[in-house]
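Residue-level structure breakdown
The lines below spell out each chain.
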Amino acid sequence: MSGKKLFVCSLCLALFSLGMGQSLSYLELEAKLHPQHQRIAGTLSAQVRGALQPDVWSLPAGLEVIRIAVNEQPATFRIVPGGFTIQAPASQRNTQRISILFSGTGTTSALDFHLDEDGHPWIKLSDAGAQAWHPSPPAHWEKPDSMWASLILPEPLRPVTNGRLATVTPWPGGDQKWAFQQALAENGKLPDWFVGNYVRFTNMQQGEGGLQEWQFWVPKSRLEAAQVHYAEVPSILKVLERHWGPAPSTTTGSRRWIEAPGANLHGSRLYGRKAPGYSPVLVREVASFWLGPLPVPGESPVREALFQYAEWLWIESQSSEVVRQNTLESYRTQPDLWGAWLFQHWATQGTPSWSRTWSLLLSTARQPGATDSQLRQLLAREGGQETDISLRQYLDRKSMPVMEFMTEKRRRKWVLRYRWINVERGFSWPVEVLHHGEVMLLHPTDQWQEKDLPKGGGRSLMIDESQGLFEILAK
C-alpha cells in the first residue's frame, strides 16, 4: 500500500479531576495526515464537566478551525490571538460534549515530514514548546495524568512513542491500529510520536544492577549501518556514568532509542563517524541524557562546551597517553573547542567544590528551556567571578590571552615585570614560573606587576604554556 495514503491518528485520554475549576472527563484526538501534501486534518472531541466557560482554546499556527459542535449541535466560535473561544449553548447539561474539526499544515517544529532512503514517509509529531500539531483545551484547565493513544497506519508504517504498546489489530482497508497506554508530561504535553518504516534491534549493557536491554528503532533502510553505529552506546554510557554518575534516564528493564526523522547518514560516512571507535554524533546523543537537548549552533556557548567535554571524555577513555596529550594540545589552535579544554581543566583541578558545581550544572542543563544565561549565572555563583570572566574570554571573545613580560636591571637588582594583554577586564589565571630551579607563582592581571628576581636576570626564566590557554610574549 502506498506510503502516501492518508492515515488516521486516534488518541483517547483518560483525565481526572484534581481540584477546583473546569475539568475534562474525556478527550479524544483523531487526525489524518497526508504525507504527500504535508497536511493534517482531524477532530478533537472533549467531554467537559459543568457549564462551558468562554475560555481560550489553543490553536497552533498553520491550523484552522472548520466547524465546532456542542452537544451534537452546531456552535458559534470566535478566533482570537493564539486560539479560539466557544460560545456556550443556551441550555447546558451537567456534562458538555464538544467536537472541533480542524485542518492545516502546522509548523515544522510540530509536524516534521521527511522521506527515508526507500522513499517511505518518516514523520515526527511533537508538542514542541508553544507549538503543537493539534488544538488543545485551555491551558489553565485541570491537566490529564494518563491516556490511551492509538494510531491507524497503512503498511509498512508503524508508530514508535514512549508508552506501552497494548494491541495491534487489523483495520478496514488493510491498515493496522496501534494502541498505546501512555503517561502525559507534567506540563500536560503529549509525548512525541515517530511514524515510519521502523524496525527494532536490541543491545545489552552490563550495569551495576545487572544486564539492561536497549531497544533501537531505526528505518529499515539503514538497519545494517545502525547496528554497527549504535553498538558503541553501552560503552559510551559506561564512560559518562563513571564521571557523571548514573544517567538520569536509567530505569529498570529496557531503554529506548528512537531515531528521529531527518537524521542523515552524512554521505559516505557512517553516521558522522570520523574514525573507528569515535562518532561525535553518537557521543553527543548519549551525553544528552545528562546535559539535556543537543545544542543549537550559536544559541548557547556553555551548552556547546558541555557537549565538547563529553566528547573529550570519550576520546580520553579510548586513546593512548600520546593521543590524549596531542588532542589537548590541538585544542589550543581551535578556538571553537576551547570550551572542551576549559571544562577539562576545571574538572581535573580536584577542588572539593567542583563535584557540587558539576552536579548543579547538570541538573540545570537538563531543565527544559534552560538558557545560556542561567548556566553562566550558576557557574559564576559556584566558581566565582573569575569563572564568569574565563567563559567570556574563551567562549565569547575567543582570543588567546598573552602573558607579556620583561626583565629590568635596577642598580644591582633584577625585576620581573608582567601582565596579561588581549584579555577581558579582570581576567586572571595563575602562572608558575621556574627561575634558577625555584618555582614562583604569579597572578598576572591586565596591569603591570613586578617581582624581584634575587638570583639574577631572566636568562634562566622558564614558563610552561601548557599550564593554561595562553601564549608568552617576552620583550
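Above this text sits the structure in question.
For the structure given in this document, a descriptive report is provided here.

As for the packing of aromatic side chains
Under the counting rule described, the total for this entry stands at 27 aromatic pairs. Ring geometry for tryptophan 57 against tryptophan 141: centres 5.4 Å apart, planes inclined by 75°, an arrangement best described as edge-to-face. With tryptophan 57 in strand S4 (residues 56–58) and tryptophan 141 in the loop between strand S11 (121–125) and strand S12 (146–153), this residue pair connects regions lying 84 residues apart in the sequence. Like tryptophan 141, tryptophan 57 is buried. Considering the side-chain rings of phenylalanine 201 and phenylalanine 216, the 5.1 Å spacing of their centres and the 15° angle between planes classify their relative orientation as stacked. Residue phenylalanine 201 is located in strand S17 (residues 198–207), and its partner phenylalanine 216 is located in strand S18 (residues 210–219); the two are separated by 15 residues in the primary sequence. Of the two residues, phenylalanine 201 and phenylalanine 216, neither departs from the other in class, the shared state being buried.

Some points on the nonpolar core
Grouped together as the largest cluster of nonpolar side chains are 69 residues, with contacts concentrated most on Tyr230, Trp244 and Phe343. With 10 residues, the top contributor of residues to this core is helix H4 (residues 301–318). Excluding residues within four positions of it along the chain, phenylalanine 343 makes contact with Val302, Ala305, Leu306, Tyr309, Trp354, Trp358, Leu361 and Leu379.

Re the pattern of salt bridges
As enumerated under the stated definition, the model contains 24 salt bridges in all. Across the pair glutamate 329 and arginine 332 runs a salt bridge whose closest N-O atoms are separated by 3.6 Å. Arginine 332 gets classed as buried once you look at its relative accessible area, which sits at 12%. Of the charged contacts in the structure, one is a salt bridge between lysine 413 and aspartate 452, with a shortest N-O distance of 3.6 Å. Highlighted residues: lysine 413 in strand S21 (residues 413–421) and aspartate 452 in strand S24 (residues 449–453), separated in sequence by 39 residues. We classify lysine 413 as partly exposed; its relative accessible area is 40%. For aspartate 452, a relative accessible area of 42% gives the class partly exposed. A cluster of three or more residues bridged by salt bridges with shared partners is formed by Asp388, Arg392, Arg397 and Glu424.

So, the packing of helix H3 (residues 280–291) against H4
The N-to-C vectors of H3 and H4 enclose an angle of 115°; their axes lie 9 Å apart at closest approach. The way H3 lies across H4 gives a crossing that is right-handed. Across from Pro280, Val283, Arg284, Ala287, Ser288 and Leu291 in H3, the residues of H4 making contact are Arg303, Glu304, Leu306, Phe307, Gln308, Ala310, Glu311 and Trp314. Here the residues of the contact of H3 with H4 are counted per class, giving eight nonpolar, two polar and four charged.

So, the environment of glycine 82
Checked against the element boundaries, glycine 82 lands in the loop between strand S7 (77–80) and strand S8 (83–86). A relative accessible area of 57% means that glycine 82 is categorised as exposed. Remark: the alpha-carbon pair of glycine 82 and tryptophan 57, spanning 25 residues in sequence, is separated by 8.1 Å. When near neighbours in sequence (up to four residues on either side) are disregarded, glycine 82 contacts Trp57, Ser58 and Leu59.

Regarding the sheet that holds strand S26 (residues 471–474)
Two strands in a sheet stick together by hydrogen bonds in their backbones, pointing the same way (parallel) or opposite ways (antiparallel). If you walk across this open sheet you meet the four strands as S24-S21-S20-S26, and the pairing is mixed. Only two strands of the sheet have a single neighbouring strand rather than two, namely S24 and S26. With strand direction ignored, the average angle separating the axes of adjacent strands in the sheet is 25°. By the bridge criterion, five bridges tie S21 to S24 in an arrangement that is antiparallel. Paired with tyrosine 418 across the two strands is glutamine 449, which belongs to S24.

Notes on the sheet that holds strand S16 (residues 193–196)
Overall, antiparallel pairing links the four strands, which are arranged S10-S11-S16-S13 in an open sheet. In this open sheet, the two strands that pair with only one neighbour each are strand S10 (111–115) and strand S13 (158–161). On average, each strand axis in the sheet is tilted by 15° relative to the strand beside it, whichever way the strands run. In this structure, S11 lies alongside S16, joined through three bridges in antiparallel fashion. Directly across from lysine 124, in S16, lies its bridge partner phenylalanine 194.

Definitions and cut-offs
Residues numbered from 1 in each chain as written. Predicted model: local features only at pLDDT ≥ 70, side-chain atom pairs only at ≥ 80, totals over all residues. Heavy atoms only, no water. Phe/Tyr/Trp six-rings, centres within 6.5 Å; stacked < 30°, edge-to-face > 60°. Helix = DSSP H or I, 4+ residues; strand = E, 2+ residues; numbered from the N terminus. Buried < 20%, exposed > 50% of the residue type's maximum accessible area, 1.4 Å probe, protein only. Core = buried A, V, L, I, M, F, W, Y, C linked by side-chain atoms within 4.5 Å. Contact = heavy atoms within 4.5 Å. Salt bridge = Lys/Arg side-chain N within 4 Å of Asp/Glu carboxyl O. Axes fitted to C-alpha atoms, helices over the stretch in contact; angles between N-to-C directions. Left-handed = near helix turned anticlockwise from the far one by under 90°. Nonpolar A, V, L, I, M, F, W, Y, C, P; charged D, E, K, R; others polar. Pairing = 2+ DSSP bridges.

Coordinates in, geometry out; function isn't part of it.
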